[in-house]
Amino acid sequence: MAGAKGDGSDALSGFNVDGIFNVKAFGAKGDGITDDSSAIQAAINAACAVNSGSDGAGNYTNVAGQVLLPSAAYYLLNPLWMNCSGLQLAGTGRYSSVLEPAYDFGKTIAVVGTGYQGLPTVASLVTGPGNAADFTLSQSNYYLNLREWGGRFGPLGTPDGLNINGLSAFTIEAFIKDVTAGDGIVVGSGSVPGSAGFAAASLLRINGGSLDAYLTTTSGAHDATGAAVPLNTIKYVAMTYDGTTLRLYDCTPGATSCAPDASVAATGTIVQDPTEDVDIGRWAGQSWPNGSSEENAIKGYIDSVRISKIARWTGTIANVPNAKFSADSNTLIATNFETNPNGSPFIKAYDFVGSGWLFEYNASRAGITALNPNSIRDIAIGAVGLDDSGVVIDAAHDDEIGPIQMSSMEIGLEVWNIAYENSFHDITITSKPGRYGIVNNRNDNNYTYTKVNGGWAGFNFGGSGTLINPIFVQNGGVDASLESQMIDALNPRSSL
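(A) Broad picture of the nonpolar core. Counting residues in each nonpolar core, the largest one holds 59 residues, and the members touching the most others are Ile40, Leu99, Ile109, Ile376, Val391, Ile393 and Leu413. At 8 residues, the largest contribution of residues to this core is made by strand E33 (residues 404-420). Other than its neighbours up to four places away in sequence, Val391 contacts Ile109, Val111, Ile376, Ile381, Met406, Gly412, Leu413 and Glu414. By size, the runner-up hydrophobic cluster in this structure holds 46 residues, among which are Phe135, Val187, Ala266 and Ile270.

(B) Quick peek at the pairing of strand E26 (residues 346-350). Relative to E26, strand E25 (residues 331-339) runs antiparallel, the two being bridged by 3 bridges. Bridged to Thr339 within E26 is Ile347. Hairpin geometry of E25 and E26 is characterised by an intervening segment of 6 residues between the two adjacent antiparallel strands and by a positive phi of about 85° at Gly343. Bridge count for E26 against strand E27 (residues 355-362) is 5 bridges, and the pairing is antiparallel. By the bridge assignment, Ala349 is partnered in E27 with Gly356. Adjacent in sequence and paired antiparallel, E26 and E27 are bridged by 4 residues.

(C) Up close: unusual backbone geometry. With an omega of -20°, the peptide bond between Asn372 and Pro373 qualifies as cis. In this structure, Pro373 sits in the loop between E27 and strand E28 (375-377). Look at Ser408: it is not a glycine, yet its phi comes out positive at around 55°. Along the chain, Ser408 turns up in strand E33. A positive phi angle is found at Asp426, which is not glycine, with a value near 50°. Take Asp426: it is sitting in strand E34 (residues 423-440).

(D) Layout of the packing of aromatic side chains. A complete count under the given rule lists 12 aromatic pairs for this structure. Ring centres of Tyr116 and Phe359 lie 5.7 Å apart, and the angle between their planes is 20°; on these two criteria the pair is classed as stacked. Taken as a pair, Tyr116 in the loop between strand E9 (109-111) and strand E10 (121-122) and Phe359 in strand E27 lie far apart in primary sequence, 243 residues in all. Given a relative accessible area of 9%, Tyr116 falls into the buried group. Relative accessible area serves as the criterion here: at 0%, Phe359 is assigned to the buried category. Here the aromatic rings of Tyr361 and Trp416 are separated by 5.1 Å at their centres, their planes lie at 65°, and the arrangement is edge-to-face.

(E) Region of interest: the state of the cysteines. Taken as a whole, this structure holds 2 disulfides when the rule is applied. The residue that forms a disulfide with Cys48 is Cys84, at a sulfur-sulfur distance of 2.1 Å. Taking the sign of the S-S torsion, about -80° here, the bridge from Cys48 to Cys84 comes out left-handed. Linking Cys48 in helix H1 (residues 37-50) with Cys84 in the loop between strand E5 (80-82) and strand E6 (88-91), this pair joins segments that are 36 residues apart in sequence.

(F) Focus on the pattern of salt bridges. Evaluated as defined, the whole model comprises 15 salt bridges. Here Asp277 ties to Arg282 by a salt bridge, and the two come within 3.1 Å at their closest N and O atoms. Given a relative accessible area of 3%, Asp277 falls into the buried group. Overall, Arg282 belongs to the buried group, its relative accessible area being 4%. Two residues, Asp279 and Arg282, come together in a salt bridge whose shortest N-O distance is 2.6 Å. A relative accessible area of 0% means that Asp279 is categorised as buried.

Rules and cut-offs
- Residues numbered from 1 in each chain as written.
- Predicted model: local features only at pLDDT ≥ 70, side-chain atom pairs only at ≥ 80, totals over all residues.
- Heavy atoms only, no water.
- Core = buried A, V, L, I, M, F, W, Y, C linked by side-chain atoms within 4.5 Å.
- Buried < 20%, exposed > 50% of the residue type's maximum accessible area, 1.4 Å probe, protein only.
- Helix = DSSP H or I, 4+ residues; strand = E, 2+ residues; numbered from the N terminus.
- Contact = heavy atoms within 4.5 Å.
- Pairing = 2+ DSSP bridges.
- Phe/Tyr/Trp six-rings, centres within 6.5 Å; stacked < 30°, edge-to-face > 60°.
- Disulfide = S-S within 2.5 Å.
- Salt bridge = Lys/Arg side-chain N within 4 Å of Asp/Glu carboxyl O.

This is the structure in structure tokens:
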């Protein structure tokens, strides 16, 4: 804001005025080096505190809740959480206000209210920082999608991250405490075996009351079934593959000797479809991110999960782990269910070089209000981290999203749960090879002047979407959804 002198000497910047909350007034530097996530979140929280009421008809005043990001590069070590109605997140200029997520993987912005339940956690089963995931409340509502860390090369490239296709050795390990008898998933790499083009790469589960390891390799499907899982007992469980044998372990933490519970001969490299999720607490049954579940979680607790690109054990374990796992050079991903310090619905996870944030998916609608009308406009998201994503919208109605530019995205825009009748416009997304630009899993959202550049899956409609104008898919991008084919006749797409 320029003063009266006209020479710039009395200009003001970085201040709040008339209900507009400037992130620089909350300490954001915008220098592309300093972590600005806490400052921006503080501005969002302040705007939400002011803009908590409505006129009784569900109408909120947008101006009172505007968070302003002056033109700058904002370096982020935590995702941002838009958690109230009537909130604007607005840049200045077209795409000159840039959010730079610098963690290795995870969303940049989550639009979800404070009533969102996320992933319930309890005290850890073993020693170490973090928590345990609580699947006693529900086996079907919530999960973590580990494949938000898709690796550096995408699902069509060299195995990396949770792109495990082509690996010649592998381990999944966790601590569990089964509380109620019944089958369920500890960790599953999704898709339904036998359907065209799909194969469940790996499942560590309770099946028929017994611990079970399932693995698909180039030589076929392999299944090792162990003993019945005791209830209310903390166990270290693992499945390992070394190129010749699939082994299953069911051990007492801290024991000085534990032989494999079961083993079967297996050869070849792991087969994983490019679209498979890798989830804690479910086996995904559909071929796009966060689709329906083929099987749900165990009826108990899961703590400290680690997936590795080596066989951690190839025989009897001399010293069974009894503390939470850490990441090393062979770790694909590890999580101790540490929650985000700002209270947002994200769980920390680690890879071989650093860490990222996994969104806490929860399909329960209890206590959730669809936020309205919010907006995100005139910003760019440019990933600094290895495999970051853009915006996830869980609960929103009449929101206006755009203009936004996103580059080098794992998933650019993800819309699901209670997100309906929102307007998405002037959105440009550059996808990583083999990943999604737009995933729309809910109904009646409108997309206009939207472009996805690159990626084998340009966009995907699991719900119904209205394409008022074509979504342009460029540079090899492909629409991979089955549902969208039914919309084609009314809303033809253009391919440039």
